[in-house]
Amino acid sequence: MKLGYQQSDFDASLEEILNGSFRKFTSGLLQNDLELSPGHSSNGSSFRRSGSIMSTHSVSGNSASSKFAPSKRRVFKGLKDYARKLGDLELFTHSLEDWVLENSCEDTANGEQAFSAPFMMEELRKLDLALEGVLFQQLLRMPCSSYVSGDANEDEYLALEDFLHAIVSGLWHAFWHKRGQPPMSVTCPRGLGSKFYTVEKAITRGRLNELGGLALMSKNGSEQQVQWDQIMEFALFKQDISAGNELKLSSPVICEALFYGFHILVSRCLNKSRPANSSSVFVLVLDSKYGAVVKVGGDLSTLELNSSNPYRSVAEWIKNHAEVSVSPVDRIWNKFGNANWGDLGTLQILLATYNSIVQWNGPPRKSIASLVSDHSLRLQKRRMEFCLTENENGLVPYQQSSHQQQGEIVELEQTSSRAFKSKASRLNLKQGEVLLLEDQQQGQKTFQVQESLVGGSHYLYSAVCLDCPTELLTLYVGAHPSRLEPSWEDMSLWYQVQRQTKVLNIFKHQGITSNYLPEIFASGRILHSGPCQKQAPGGRCDHPWCGTPILVTSPVGEPVSYVVSQEGPLSAEEAIRCCRDCLAALRSAAMANVQHGDLCPENIIRVVGAQGARNNVLYVPISWGRAVLEDRDSPAINLQFSSSHALQHGKLCPSSDAESLVYLMLYMCGGTMQQQDSIESALQWRETSWAKRLIQQQLGEVSALLKAFADYVDSLCGTPYPVDYDIWLKRLSRAVDGGTDRVSLHNTDALSTARVQMENHSKTQLQSFLKQLPPVEFCCVYGSSLHPNRDNAKSTMVDCILGVSDPLQWHSENLKLNKDHYASWMALLGGAKLVTNVADHIGIGVHFNPFVSWNDKMFKYGVVRMHDLVQDISNWERFYLSGRLQKPVQVISDNLDIANLNSVNLRAAIAAALLLLPSKFTEVDLYAKICSLSYMGDLRMLFAEDRNKVKKIVQGQFELFQSMYKPFIQEYKTKELLRYSLSGNPQPVLSQDSDVSAARSLVSSLPSLVRSQMGVKLGEKKRLCDSGRIINEVVIGSRQEAAQCMQTILKRKVMVSSARQSVSGLLAVGGVYGMRYLGAKMRKAWNSWR
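Residues numbered from 1 in each chain as written. Predicted model: local features only at pLDDT ≥ 70, side-chain atom pairs only at ≥ 80, totals over all residues. Heavy atoms only, no water.

Caption draft 1: Quick look at the confidence of the model for the protein chain. Per-residue confidence for the protein chain gives a mean pLDDT of 75; residues scoring 70 or more make up 71%. Scored below 50 in pLDDT, residues 1-72 makes 212 contacts in the model with residues more than four places away or belonging to other chains. The low-confidence segment residues 390-396, where pLDDT is below 50, has 16 contacts with residues more than four positions distant or belonging to other chains. (pLDDT = per-residue confidence, 0-100. Contact = heavy atoms within 4.5 Å.)

Caption draft 2: Quick peek at the sheet that holds strand 29 (residues 989-992). With antiparallel pairing, 3 strands are arranged side by side in an open sheet as 27-29-28. The open sheet terminates on both sides in strands that have one partner only, identified here as strand 27 (920-922) and strand 28 (978-981). The mean angle between the axes of side-by-side strands here comes to 35°, regardless of whether they run parallel or antiparallel. Here strand 27 pairs with strand 29 via 3 bridges, running antiparallel. Across the sheet, the residue bridging to K920 is S991, located in strand 29. (Pairing = 2+ DSSP bridges. Helix = DSSP H or I, 4+ residues; strand = E, 2+ residues; numbered from the N terminus. Axes fitted to C-alpha atoms, helices over the stretch in contact; angles between N-to-C directions.)

Caption draft 3: Looking closely at the pattern of salt bridges. Throughout the structure, instances matching the rule amount to 18 salt bridges. As a salt-bridge pair, K238 and E256 come within 3.0 Å of each other at their nearest N and O atoms. With K238 in the loop between strand 4 (231-237) and strand 5 (242-243) and E256 in helix 7 (residues 251-270), this residue pair connects regions lying 18 residues apart in the sequence. In this structure K238 comes out as partly exposed when scored by relative accessible area, which is 25%. A salt bridge links D633 to R499, with the nearest nitrogen and oxygen atoms 3.1 Å apart. One end of the pair, D633, is in the loop between strand 21 (617-621) and helix 15 (644-649); the other, R499, is in helix 12 (residues 488-509), with 134 residues separating them in the sequence. (Salt bridge = Lys/Arg side-chain N within 4 Å of Asp/Glu carboxyl O. Buried < 20%, exposed > 50% of the residue type's maximum accessible area, 1.4 Å probe, protein only.)

Caption draft 4: Summary view of a nonpolar patch on the surface. On the surface, W825, L828, L829, I842, V1063 and L1067 cluster together to form a nonpolar patch covering roughly 560 Å² of accessible area. The element contributing the most residues to the nonpolar patch is helix 24 (residues 824-829), with 3 residues. (Patch = residues over 30% accessible without salt bridge, like charges linked within 9 Å, V, L, I, M, F, W, Y side chains within 5 Å. Areas by Shrake-Rupley, 256 points an atom, 1.4 Å probe, with all protein chains shown as cover.)

Caption draft 5: Representation of the pairing of strand 26 (residues 890-894). By the criterion of burial, strand 26 is predominantly enclosed, with 4 of the 5 residues buried. For strand 22 (residues 778-782) and strand 26, the ladder comprises 4 bridges, and the chain directions are antiparallel. Across the sheet, the residue bridging to C779 is S893, located in strand 26.

Caption draft 6: How the structure looks around helix 7. Compared with the 28 Å implied by 1.5 Å per residue over 20 residues, the 29 Å span of helix 7 between its first and last C-alpha is a close match. Along helix 7, 19 of the 20 residues are buried, which leaves the element largely enclosed by surrounding structure. (Expected span 1.5 Å × (residues − 1).)

Caption draft 7: Broad picture of the sheet that holds strand 21. Ordered by their spatial adjacency, 3 strands build an open sheet running 19-20-21, and the pairing between neighbours is antiparallel. Looking at the sheet topology across the chains shown, the edges are occupied by strand 19 (558-559) and strand 21. Across 2 bridges, the pairing between strand 19 and strand 20 (residues 604-608) is antiparallel. Paired with P559 across the two strands is I605, which belongs to strand 20.

Caption draft 8: Fine view of the packing of helix 26 (residues 866-875) against helix 28 (residues 898-916). The contact between helix 26 and helix 28 brings their axes to 8 Å, and the two run at 30°. Between helix 26, through M866, L869, V870, I873 and S874, and helix 28, the contact on the second element is made entirely by I898, L901, N902 and N905. Here the residues of the contact of helix 26 with helix 28 sort into 6 nonpolar, 3 polar and no charged. (Nonpolar A, V, L, I, M, F, W, Y, C, P; charged D, E, K, R; others polar.)

Caption draft 9: Main features of the environment of G568. With respect to the helices and strands, G568 occurs in the loop between helix 13 (560-567) and helix 14 (572-590). The sequence separation of G568 and G670 amounts to 102 residues, and the corresponding C-alpha distance is 7.8 Å.

Caption draft 10: Layout of unusual backbone geometry. Cis geometry is found at the peptide bond from S554 to P555, where omega equals 5°. Considering the arrangement of structural elements, one finds P555 in the loop between strand 18 (549-554) and strand 19. One non-glycine residue, S623, lies in positive phi territory at about 55°. Structurally, S623 can be placed in the loop between strand 21 and helix 15. Residue S623 is classed as buried on the basis of its relative accessible area, which comes to 6%.

So this is what it looks like as structure tokens:
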């Protein structure tokens, strides 16, 4: 019997393998091959022979099937037939289980197991040292479950998929290529010879219970389909892999691993271009706690076949000729489901995957030995920095005094350490000191330090800019770049300065401004006095201040932690105000897909207005350096205030910031919060407090509204559902301001400009009409009723859009107040529920009531859910209401600041219009193209709309279009994407670049949903943007291609939305009013064609 690891060479050509006992075969191994291509049916455990060409990592000498003699081809076919008969796992296990059980037990003679381990302990130790500086991606999904079930669990397979992705990515970037995607993927087959699926696809098709395991596949650029002979490594996930109470693999599990390992070996043998070193296969075996590795390999030319019982023949080959190694079972996942990357169990998995990658992709650029050597150099450098030497007593400080005995352990003086010397020399500013800052965007600026801000942080000061000394600013002082590595404290300064600068610039570049967000004033490096020896503008010299980064923001305030310590718990009114202000900041950040990740009393400041009045107080979240921008980002961990999901998974869920805000409210209101000393105790406290509703009870003593908010957050904790900021901002604002929502992100929105144009008496009249209806969150008037076209008189009907939080409840109340506004059949047959269902399922979420007569005027109002309105404005999900708001409108009521949000819609509209326009055009052309976006594909334009509608809208409302889009045109002029010229024309001519780079810039301004749909059609690639984020960028071959693709997408959106809304509208208004409305529209269209 040959067991354990041996270096069997499987690199011989297929002709050599087929010599010998394979000539005795009368039946073969595979019916097809180890992959079934899509579009071909599978018959049981069948396989399809690979048609792949040779991989770049394959050995060319192995491809010789075309030169086979006819007899060898018959043997080749027989080999495939033979594998077909080995498709029954139960028979395979039955033939091997006794032998596996015998070799799994300890040998009584020498006390050792017959199965040797695939790796030596020294190999694992070296890998551990080599991976010391490698950061594996934190897993998003975990395999832990509160019960053990016999059925396959979705979370467990998703967790295993994430685990393998993290391993492959970490190893590839550490040893092969620092950047770039690994040339491998993770898929899962249903069984031998079946198709390959991703886990999500298997879940969608209801085939999760049929999965055999997960396979690490080698990608081959020349192939469109993955195949079984491309399997690099196989992973089995079982509910329990241990043998009873013993911490070792059970016999059935080992047999199943050998079953898949053998078939992978055969598929590689039959492949025309297998990898150079394919004589062994690693099979990973895991459950939700433990893991192990099974390695199987050997020379298939020694396989003896009895055609009457192929299972016995394969069993004999495994027993006598194969090399089988089984690793010890060790823990992979901790109690919270996170992978223990440095533990023995995970190191075994990592080393197995490393060897599998080496088999297929060749030796790495950096070997394990080289990384171990780097580790030794880093260790020696740290010892030298702290003046340490090693003797028989351990690490001791190196002393040159002759009177001390060698090897004596003495206390290390911190001041003698170079690290502490560098700490002492860190920039520490005093009141009145003047700093000269070099800002790349604004040039040099001079600041004078006023004082160190409350809290004792030596890096946070208040300062004034000498160019504008009236405004007090917050000044963050970072660490010198040379001191970031040895000091974790200095690393925290990197988050406060460099990374917070990046986050605030993201807000600035995306036009997200708010009174509740810090605003960047300047950022750059200090220019020290005296000569500077730096070699390049971005470099630094040896001066301790040279290159030190500075961030200057506004406003300035006192941390809430200081306020509570000095003044005691906040009142109910102040606590609600703080909750409202923080939610407003979080909502603004969410528009840029940013989460704070570090909400705590030290990171919330109270800003008092100039008058010091109570109603001038704002609460502003600061310290955005630990914000989460991408999945790979990790939030700060605070045992008192971090969310449960952040503590358990090291990642944020959509409601994590809101959960931290609840703990913050509890602290500020004087609630009981136990000091935690570990993540386990912190999670236990959270679980107990939420389960017993202790948090809600304590907040309820202060405010019923805060208690309700805590209940709402409790329902979202750990779920993928986002926080409905709009609803809670409205409720909190009413409590603070007595019904007037102060949440205003900025006053420069385009809709406010149009609002100014409204005549006072018209606005008063419309507000009076709204009082006849239930309360609404948002109301605007659009169309020619209030902005008459140049060639048309005012419309006889006033068109309104009403945004409400709950349409079902709103229609229920409105039916009681204004039943005559609705079609009689809807009011009688189904009421509010029927109205809402028709709007949501037949239409696109908007219900219109036309021909409503009030006070000698005719109104038509459409009711939409606020969530749907926000989604359409932000992402052009339906491109229906967002198209309305791209034209001049007049806002009557806006409790949730939709006007500011619409600036995103306007910026995207002008980008889309520019993409469709030629290189030269006029302002009229620009506004006409913007106006026409929402009419492209509209079926009503064929028979029920004025053919000159766009032209008339622009001519009649030209000044309003100018006021709406002037800021964005100016923005494009600043970026040099637009240029003005007169050229003798009465109207200025605008010109734009028509190259691919300009088109790429315009596409990047489109909503994310449109970009992703364009990416599906044109392709996507990852790119590092100016703000430092990795984004998916649409691959643009030409400007015309991008414009045509975007136009097709928008046309389809408009066509579907207009068709659905037309059908819904006809049902909603009834037959009589429907024909009346349609007739009026068709008369307009007919007159325009005459």
